[in-house]
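Breakdown of the fold
What follows is the residue order along each chain.
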Amino acid sequence: MSYADVNGISMYYQEHGDAPVTEDNPALVLLHGGLQSSDDFVTILPALSANRRVITADLQGHARTADVDRPIRVETLGDDVAALIKHLGLGRADVMGYSFGAGTALRCAIQHPDAVRRLVVVSFPFRQDGFFEEVRVQQRQMSPQSAEFMKQTPIWDLYQRTAPRPQDFGQLVGKMGDWLKQPFDYSDEIRAIQVPTQLVFADADMYSMQHIADFWALLGGGLHDAGWDGAGRPAGHRLAVLPNATHYDVLASPGLVGVVEGFLAG
């Protein structure tokens, strides 16, 4: 097992693939969803690591990375990921996150553009009210007490199998619930983002199509005709909406790897 001491946490990570890391073929860092682990990417890792180095990591309090005495915030975790990239000597890496991990990847790119070459955001809102209201109701119910009910789910099975301190499960659920209650709106920072960005959503995601379109508009997309030569499309940015997919299975979508590899190839 490999751990990196960054920003006061011991972050678990794994390296996949044996391709050398170069400026033209940088490493790809993958960041998992909330209450999950780097195992989120097991089905797509073989394809993504066939011709490049891939790093998977468990974020603060998740799976093999023990919690520490600080709140869980995507801003702080974005700093952790930038520190991991520096610790591993990766230069500027490509960073891809899913859901909670996508929020972390987004903050890493905003806060540390020198550490991120290209960014892939899979299923994350730019503003707290982007979640459908029924989802927000469920999020507000997350607490240390609700962790007991979650012990009947695969989330607990994963945590007790991987966590160094399974007794911290209630603490993790409580911290994630606290994070979900914090208002956020990254609109202005996304308008000014310096990193080429690929947005990926499911066609039946936990956000409305209007919110997805608004996110794309922050990057300059969908505001006017791109022209016959494509000169009017937003420079460096892309949007993909994957068919027959939901927030919960978008990583298994047959179209995801092709979208990601096409974007990273530039």
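In the block above lies the structure referred to throughout.
Every chain is numbered independently, its residues counted from 1 as its sequence is written. Given that the model is predicted, a residue must reach a pLDDT of at least 70 before its local features are reported, and side-chain atom pairs must reach 80 or more before they are shown or counted; all residues, however, enter totals for whole chains, interfaces and linings. The basis for the side-chain values is all heavy atoms of the structure; hydrogens and waters are excluded.

Regular strands have side chains that alternate between both faces of the sheet. The buried label applies to any residue whose accessible area, calculated with a 1.4 Å probe on protein chains only, is under 20% of its type's maximum; exposed applies above 50%, and partly exposed to all values in between. By the criteria applied, helices consist of DSSP H or I runs no shorter than four residues and strands consist of E runs no shorter than two, each listed in order from the N terminus. With burial as the criterion, each face of strand β4 (residues 54-57) is covered, one bearing Val54 and Thr56 and the other bearing Ile55 and Ala57. Strand pairing is defined by DSSP finding a minimum of two bridges between the two strands. Relative to β4, strand β2 (residues 9-16) runs antiparallel, the two sharing 4 bridges. From the neighbouring strand, histidine 16 faces β4, where its bridge partner is valine 54. Direction of pairing for strand β3 (residues 28-31) relative to β4: parallel, over a ladder of 4 bridges. Across the sheet, the residue bridging to leucine 30 is threonine 56, located in β4.

Moving on, we get to a nonpolar patch on the surface. The grouping of Met209, Leu239 and Val241 at the surface amounts to a nonpolar patch, some 220 Å² of accessible area in total. Topologically, methionine 209 is positioned in helix α9 (residues 209-218). Residues enter a patch when their relative accessible area is above 30% and they make no salt bridge; the linking distance is 9 Å between like charges and 5 Å between nonpolar side chains (Val, Leu, Ile, Met, Phe, Trp, Tyr). Accessible areas in this description were obtained via Shrake-Rupley with a 1.4 Å probe; residue shielding takes into account the shown protein chains only. The salt bridge definition used is simple: a Lys or Arg side-chain nitrogen within 4 Å of an Asp or Glu carboxyl oxygen.

Now for the sheet that holds strand β7 (residues 197-204). If you trace the 8 strands from one edge of the open sheet to the other, you get β1-β2-β4-β3-β5-β6-β7-β8, paired in mixed fashion. The sheet is open, and its two edges are formed by β1 (2-6) and β8 (238-246), each paired on a single side. On average, each strand axis in the sheet is tilted by 25° relative to the strand beside it, whichever way the strands run. Residue contacts are defined here by distance: any two heavy atoms, one from each residue, within 4.5 Å place the two residues in contact. The convention used is that axes are lines fitted to C-alpha atoms, helices contributing only their stretch in contact, and that angles between N-to-C directions extend from 0 to 180 degrees. Helix-sheet contacts for α9 involve β7 and β8, and the interaxial angle to β7 is about 170°.

Looking now at α9. Those residues of α9 lying buried are His211, Ile212, Phe215, Trp216 and Leu218. Along the axis of α9, the buried positions cluster into a sector of 155°, meaning they face one direction only. Residues of α9 that are buried in the fold lie against α3 (100-111), α8 (187-191), β7 and β8. A positive backbone phi angle near 95° is found at glycine 220, which sits one or two residues after α9. To obtain the arc, one takes the directions from the helix axis to the C-beta atoms.

Attention shifts here to the packing of aromatic side chains. We describe a pair of aromatic rings using the distance from one ring centre to the other and the angle between the two ring planes. Pairing of aromatic rings covers Phe, Tyr and the six-membered ring of Trp, with a centre-to-centre limit of 6.5 Å; geometry is then stacked below 30 degrees between planes, edge-to-face above 60, and tilted otherwise. Applying the stated criterion to the full structure yields 11 aromatic pairs. Between phenylalanine 131 and tyrosine 207, the aromatic rings sit 5.4 Å apart at their centres with planes inclined by 50°, giving tilted as the arrangement. Of this pair, phenylalanine 131 sits in the loop between β6 (116-122) and α4 (133-140) while tyrosine 207 sits in the loop between β7 and α9; the two residues are 76 residues apart in sequence, bridging distant segments of the chain. Of the two residues examined, phenylalanine 131 and tyrosine 207, each falls in the buried class. Ring geometry for tryptophan 156 versus phenylalanine 169: centroids 5.1 Å apart, planes at 55°, classification tilted. A residue pair is termed long-range when its members are at least 10 positions apart, and tryptophan 156 in helix α6 (residues 154-162) and phenylalanine 169 in helix α7 (residues 169-180) qualify at 13 residues. Since its relative accessible area comes to 12%, tryptophan 156 is described here as buried. One aromatic cluster is present, formed by Phe126, Phe131, Phe201, Tyr207 and Phe215 through successive ring pairs. The aromatic ring of tryptophan 156 is capped on one face by lysine 151, whose charged end is 4.7 Å from the ring centroid. We call a charge positioned above a ring when the Lys NZ or Arg CZ atom is no farther than 6 Å from the ring centre and deviates by at most 35 degrees from the ring normal.

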